[in-house]
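If you want the building blocks of each chain, they are given just below.
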Amino acid sequence: NAGVTQTPKFQVLKTGQSMTLQCAQDMNHNSMYWYRQDPGMGLRLIYYSASEGTTDKGEVPNGYNVSRLNKREFSLRLESAAPSQTSVYFCASSLAWVSYEQYFGPGTRLTVT
Amino acid sequence: TQLLEQSPQFLSIQEGENLTVYCNSSSVFSSLQWYRQEPGEGPVLLVTVVTGGEVKKLKRLTFQFGDARKDSSLHITAAQPGDTGLYLCAGGQEYGNKLVFGAGTILRVKS
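Quantities reported herein were computed from a predicted structural model and do not represent experimental measurements.

Parameters and conventions
- Residues numbered from 1 in each chain as written.
- Chains lettered and ligands numbered in written order.
- Predicted model: local features only at pLDDT ≥ 70, side-chain atom pairs only at ≥ 80, totals over all residues.
- Heavy atoms only, no water.
- Phe/Tyr/Trp six-rings, centres within 6.5 Å; stacked < 30°, edge-to-face > 60°.
- Helix = DSSP H or I, 4+ residues; strand = E, 2+ residues; numbered from the N terminus.
- Buried < 20%, exposed > 50% of the residue type's maximum accessible area, 1.4 Å probe, protein only.
- Salt bridge = Lys/Arg side-chain N within 4 Å of Asp/Glu carboxyl O.
- Contact = heavy atoms within 4.5 Å.
- Nonpolar A, V, L, I, M, F, W, Y, C, P; charged D, E, K, R; others polar.
- Pairing = 2+ DSSP bridges.
- Axes fitted to C-alpha atoms, helices over the stretch in contact; angles between N-to-C directions.

Caption draft 1: Seen up close, the packing of aromatic side chains. In the structure shown here, the tally under the stated rule is 7 aromatic pairs over all chains. Arranged with centres 5.5 Å apart and planes meeting at 85 degrees, the rings of Tyr35(A) and Phe101(B) form a pair that is edge-to-face. Placement of the pair is Tyr35(A) in strand β4 (residues 31–38) and Phe101(B) in strand β10 (residues 99–101), with the two residues belonging to separate chains. On the basis of relative accessibility, which here comes to 7%, the residue Phe101(B) falls in the buried class.

Caption draft 2: The pattern of salt bridges, seen in detail. Scanning all chains against the criterion turns up 6 salt bridges over all chains. Where Glu54(B) meets Lys56(B), a salt bridge forms, and the shortest distance between an N and an O atom there is 3.9 Å. Residue classification places Glu54(B) among the buried residues on the basis of a relative accessible area of 18%. Each member of the salt-bridge network shares a partner with another, and the members are Arg36(A), Asp38(A) and Arg44(A).

Caption draft 3: Region of interest: the interface of chain B and chain A. Across the contact, 21 residues belong to chain B and 23 residues belong to chain A. Connecting chain B to chain A are 0 salt bridges. Those elements that provide at least two residues to the side of chain B that touches chain A are β4 (31–37), β5 (44–49), β9 (85–92) and β10 of chain B. In terms of residue count, the dominant contributor to the side of chain B that touches chain A is β4(B) (4 residues). A class-by-class count of the residues in the side of chain B that touches chain A yields 10 nonpolar, 9 polar and 2 charged.

Caption draft 4: Examining the sheet that holds strand β3 (residues 19–25) of chain A more closely. Residues and elements named next belong to chain A. One open sheet accounts for 4 strands, arranged β1-β3-β8-β7; its pairing is antiparallel. Two strands in the sheet have a free side with no partner beyond their single neighbour: β1 (4–7) and β7 (64–68). Each neighbouring strand pair of the sheet contributes to a mean axis angle of 20 degrees, computed without reference to strand direction. In the sheet, β1 pairs with β3 via 4 bridges, with the strands oriented antiparallel. Residue Gln6 lies in a different strand from β3, and its bridge partner there is Cys23.

Caption draft 5: Highlighting the sheet that holds strand β7 (residues 61–65) of chain B. All names here are of chain B. Read across the sheet, 5 strands follow the order β1-β3-β8-β7-β6 without closing on themselves; strand pairing throughout is antiparallel. In this open sheet, the two edge strands, each paired with only one partner strand, are β1 (5–7) and β6 (55–58). When strand polarity is set aside, the average angle formed by the axes of neighbouring strands in this sheet is 15 degrees. In this structure, β1 lies alongside strand β3 (residues 19–24), joined through 3 bridges in antiparallel fashion. Within β3, the position partnered with Gln6 by the bridge is Cys23.

Caption draft 6: Structural context of the pairing of strand β11 (residues 105–110) of chain B. All names here are of chain B. The two faces of β11 differ: Thr105, Leu107 and Val109 on one face are buried, but Ile106, Arg108 and Lys110 on the other face are not. The pairing of strand β2 (residues 10–14) with β11 spans 5 bridges and is classified as parallel. Bridge pairing in β11 places Phe10 opposite Ile106. Note: β9 against β11, 3 bridges, orientation antiparallel. Paired with Tyr87 across the two strands is Thr105, which belongs to β11.

By themselves, these figures tell us nothing about what the structure is for.
Shown next as structure tokens:
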């Protein structure tokens, strides 16, 4: 039982390049989330998927897109990376949209030069 | 926009000392969660409080939710080096699971 897994763990991109961050959970959770964590700013919600087949914007969605591929997988895409997107990205899941407990993956450290 | 302010931002103490971390907002939250994060890992939930005035204890950690559900505190008794980490508070909204996170308190406990 791996919980929430994320790939890759580290990535360096040049400005303008694109990439997809992958996230998968094996807990049969219905809701999944993408956050970014920057020094001094805590975690900020980028996008979330309350249930399979639905996605919604969070606090900081600009420059990102998401896909809820199936119940297990939720990917985050950067179409044209910018230095402002340098951050640590966390995927999380919860049993349901109204569940309090969110389980986080280990994170992806992204640097855009 | 709902904001959560945590204080202090950084705390360095000796093993055995007590400490309190605060989480304050001008907004009302339906729930308040505390997470602990270690370097290179994702946050791990410590506790959720949902009722104004609620107090929960987890071994040496005591969590309190303010009566008006706008603030919370985390008190650690007799801190140990294993308590070292980033402590995050997160407020839950009236419906759904969109959390608002504080910036965090970095705790370092020296032996």
